[in-house]
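Given next are the chains, with one letter for each unit.
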Amino acid sequence: MTALIDLSLLRSSPSVSPFSIPHHQHPPRFRKPFKLRCSLAEGPTISSSKIDGGESSIADCVIVGGGISGLCIAQALATKHRDVASNVIVTEARDRVGGNITTVERDGYLWEEGPNSFQPSDPILTMAVDSGLKDDLVLGDPNAPRFVLWEGKLRPVPSKPTDLPFFDLMSIAGKLRAGFGAIGIRPPPPGYEESVEEFVRRNLGAEVFERFIEPFCSGVYAGDPSKLSMKAAFGRVWKLEEIGGSIIGGTFKTIQERNKTPKPPRDPRLPKPKGQTVGSFRKGLTMLPEAIANSLGSNVKLSWKLSSITKLGNGGYNLTFETPEGMVSLQSRSVVMTIPSHVASNLLHPLSAAAADALSQFYYPPVASVTVSYPKEAIRKECLIDGELKGFGQLHPRSQGIETLGTIYSSSLFPNRAPSGRVLLLNYIGGATNTGILSKTEGELVEAVDRDLRKMLINPNAKDPLVLGVRVWPKAIPQFLVGHLDLLDTARMALRDSGFHGLFLGGNYVSGVALGRCVEGAYEVATEVKEFLSQYAYK
């Protein structure tokens, strides 16, 4: 799921990677080089050339999980750190790559059933260019409005500071309260980890929380902002108050610090997005994982399910997989687990019960994506701009009596997503505050979405929608609840203190749930793997 409201104006510099190994805790050096092993439980041993396309020693890194995080880590190692990680293997339990990225094309429609788009930051643009997808990038209109439902009306969200005095989503009193709070005229921090709701109400007031941030949390996390951690879920905004005494103060201080350190030259290969826009690819998001997998070739192993992982005496790891050919074992100098935390918990329990217990506590609520199409004339006239449905989409605060979390105007956002004369709408429903969707049928989910849309976007007497897809994700998005970072630190420290150096945790519960953050996190993990292999692996 992708955010409909952009907080990039409040962002500070990227956070420090959480995978650093303290320099005073040196893992053991590898005693001697040894050959990559990949053997069947029965039958002949498979040679290393069949694993990585060349006669190589023990694998430098095995990445468990072929979702976007795992693939991007492998791609980052291949493009930036090949000198120390020339032999990287990605294993995926499913029969396809991409994880929850799911693009479907049928009958003239193209739609997403998982994440919908990404913010075109330099890391994800770099990943796309390195994967050969520069010409396939598509960017949305930076002027496309975003809407929030409030008191029965879809109201535009300000897209730039100059819009703030004129939009009608907030009262004058609410705007003044937000302004004073942003400059520091508000209660001081309480001295404990605040929820998103506590932080925003204290800093910016009730109206900003109820009309912006609460629906934004639904759009990004499908979460409950009274339980989400501000520090963990929106750490860059949280840090502004810490470093500058207020949100505005922190913003100015961040800008000053950036100006003191000249940026390195931007990669000239990268396109230059205009304004606050979002991106995808000509044939949907699935093009990115498929392109990376194609570039990695036979080093991506599909339908390989990890059954166990053990530490070897020489400092490496042995991983045993269930595969279509039988049980297969691999040996590797380092391992990155990018699978969901609850899956990693089960696999790591024999190594560290403390790490497994911490990982088991992360919560993933269910979310359903419901994709429907209406004829253009079904859209209410008051929702059209120049006779067209324009915009990114809309969010629905929980207080407004709407079950659907939000709706993305897919056919307005990117080209060639629906036949002429049709409107394609991607709707998300469920989340932490509505886990009951698991007991509903697909028909009931469609009825709920259609009923909601007719209250503000679709004419009440319009014909039934064309239903294209209903996808229920029982464990959809990890919730960065209060205490999330402590649990993550506990898991990492438990692995480190037990001597499992070179075993890294990755994925969206570590880096962040947005697609762009998964890619940024992949580069961070790749750097940590490179540093580990450079310092401690046998040369």
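So, here is what we can say about the structure in this document. (Residues numbered from 1 in each chain as written. Predicted model: local features only at pLDDT ≥ 70, side-chain atom pairs only at ≥ 80, totals over all residues. Heavy atoms only, no water.)

Some remarks on the overall build of the chain
Of regular secondary structure, the chain possesses 17 helices and 20 strands. Here the contacts in the chain between residues at least 6 apart in sequence split such that 74% fall between residues at least 24 apart. Roughly 23,100 Å² of accessible area belongs to the chain as shown, and the carbon and sulfur atoms make up 54% of that amount. (Helix = DSSP H or I, 4+ residues; strand = E, 2+ residues; numbered from the N terminus. Contact = heavy atoms within 4.5 Å. Areas by Shrake-Rupley, 256 points an atom, 1.4 Å probe, with all protein chains shown as cover.)

Brief notes about the environment of leucine 149
Summarising the element assignment, leucine 149 is placed in strand β8 (residues 146–150). Placed 66 residues apart in sequence, leucine 149 and proline 215 show a C-alpha to C-alpha distance of 9.2 Å. Once you skip the residues sitting within four places of it in the chain, leucine 149 turns out to touch Leu154, Leu395, His396, Pro397, Gln400, Ile402 and Met456.

Quick notes on the side chain of threonine 338
The topology assignment puts threonine 338 in the loop between β14 (326–337) and α11 (341–348). Since its relative accessible area comes to 12%, threonine 338 is described here as buried. At 2.9 Å, the side chain of threonine 338 forms a polar contact with the backbone oxygen of valine 64. Engagement of the side chain of threonine 338 in a polar contact is seen with the backbone oxygen of glycine 65, the distance being 3.2 Å. (Buried < 20%, exposed > 50% of the residue type's maximum accessible area, 1.4 Å probe, protein only. Polar contact = N/O pair within 3.5 Å; in protein donor to acceptor, adjacent residues only side chain to side chain.)

Quick word on the pattern of salt bridges
Two side chains that carry opposite charge are able to pair once their charged atoms sit near each other. A complete count under the given rule lists 28 salt bridges for this structure. Where glutamate 194 meets arginine 202, a salt bridge forms, and the shortest distance between an N and an O atom there is 2.8 Å. Take glutamate 194 and arginine 202: they sit in the same class, and that class is buried. Between arginine 269 and aspartate 267 there is a salt bridge; the shortest N-O distance is 2.8 Å. The class of arginine 269 is partly exposed, set by a relative accessible area of 35%. (Salt bridge = Lys/Arg side-chain N within 4 Å of Asp/Glu carboxyl O.)

A short note on the sheet that holds strand β15 (residues 367–375)
Spatially, the seven strands line up as an open sheet ordered β9-β8-β16-β17-β18-β15-β19, and their pairing is mixed. A strand with exactly one partner marks an edge of an open sheet, and here the two such strands are β9 (153–156) and β19 (466–473). Averaged over all pairs of adjacent strands, the angle between strand axes in this sheet comes to 25 degrees, irrespective of strand direction. Sheet topology places β8 next to strand β16 (residues 393–395); three bridges connect them, and they run parallel. What sits directly across from valine 148, in β16, is leucine 395. Relative to the sheet, helix α6 (residues 206–221) contacts β8, β16 and β17 (404–409), its axis offset from that of β8 by approximately 110 degrees. Where helix α14 (residues 442–453) meets the sheet, its contacts fall on β15, β16, β17, β18 (422–430) and β19, and the angle it forms with β15 comes to roughly 60 degrees. (Pairing = 2+ DSSP bridges. Axes fitted to C-alpha atoms, helices over the stretch in contact; angles between N-to-C directions.)

Description of the environment of leucine 110
Along the polypeptide, leucine 110 turns up in strand β6 (residues 109–112). Assessed through its relative accessible area of 3%, leucine 110 is described here as buried. The residues contacting leucine 110, other than those within four sequence positions of it, are Thr103, Val104, Glu105, Arg282, Lys283, Gly284, Asn416, Arg417 and Leu424.

Thoughts on the pairing of β14
In terms of burial, β14 is largely enclosed, as ten of its twelve residues are buried. As defined by bridge partners, strand β3 (residues 59–64) adjoins β14 across five bridges and the pair is classed as parallel. In the strand pairing of β14, valine 62 is matched with valine 335. Where strand β13 (residues 317–323) meets β14, seven bridges bridge the pair, whose relative direction is antiparallel. Each bridged residue has a counterpart across the sheet, and for tyrosine 317 the counterpart in β14 is serine 332. What sits between the antiparallel neighbours β13 and β14 is a turn of two residues. Note: β14 against strand β20 (residues 503–505), three bridges, orientation parallel. Paired with valine 336 across the two strands is phenylalanine 504, which belongs to β20.

Some details on the nonpolar core
In terms of nonpolar packing, the biggest core is built from 45 residues, with Val196, Val200, Val208, Phe212, Ile213, Tyr221 and Phe234 touching the most fellow members. Of all the secondary structure elements, the ones that give two or more residues to this core are β8, α4 (172–182), α5 (196–204), α6, α7 (230–233), α8 (235–244), β17 and β18. Here the element with the most residues in this core is α6; it accounts for eight residues. Those residues in contact with phenylalanine 234 that sit more than four places away from it in its chain are Val196, Phe216, Cys217, Tyr221 and Ser229. Within the second largest apolar cluster, 44 residues are counted, among which are Phe118, Leu125, Ile292 and Phe504. (Core = buried A, V, L, I, M, F, W, Y, C linked by side-chain atoms within 4.5 Å.)

Looking at the environment of serine 295
Position of serine 295 among the secondary structure elements: in helix α10 (residues 287–296). The class for serine 295 is partly exposed, based on a relative accessible area of 46%. Between the C-alpha atoms of serine 295 and glutamine 75, which are 220 residues apart in sequence, the distance is 8.3 Å. A polar contact is formed between the side chain of serine 295 and the backbone oxygen of isoleucine 292, at a distance of 2.7 Å.

Brief notes about the pairing of strand β12 (residues 305–311)
Examined bridge by bridge, β12 and β13 share six bridges and lie antiparallel to one another. By the bridge assignment, threonine 310 is partnered in β13 with asparagine 318. Here β12 hands over to β13 after five residues, with glycine 315 in that stretch at a positive phi of 100 degrees.

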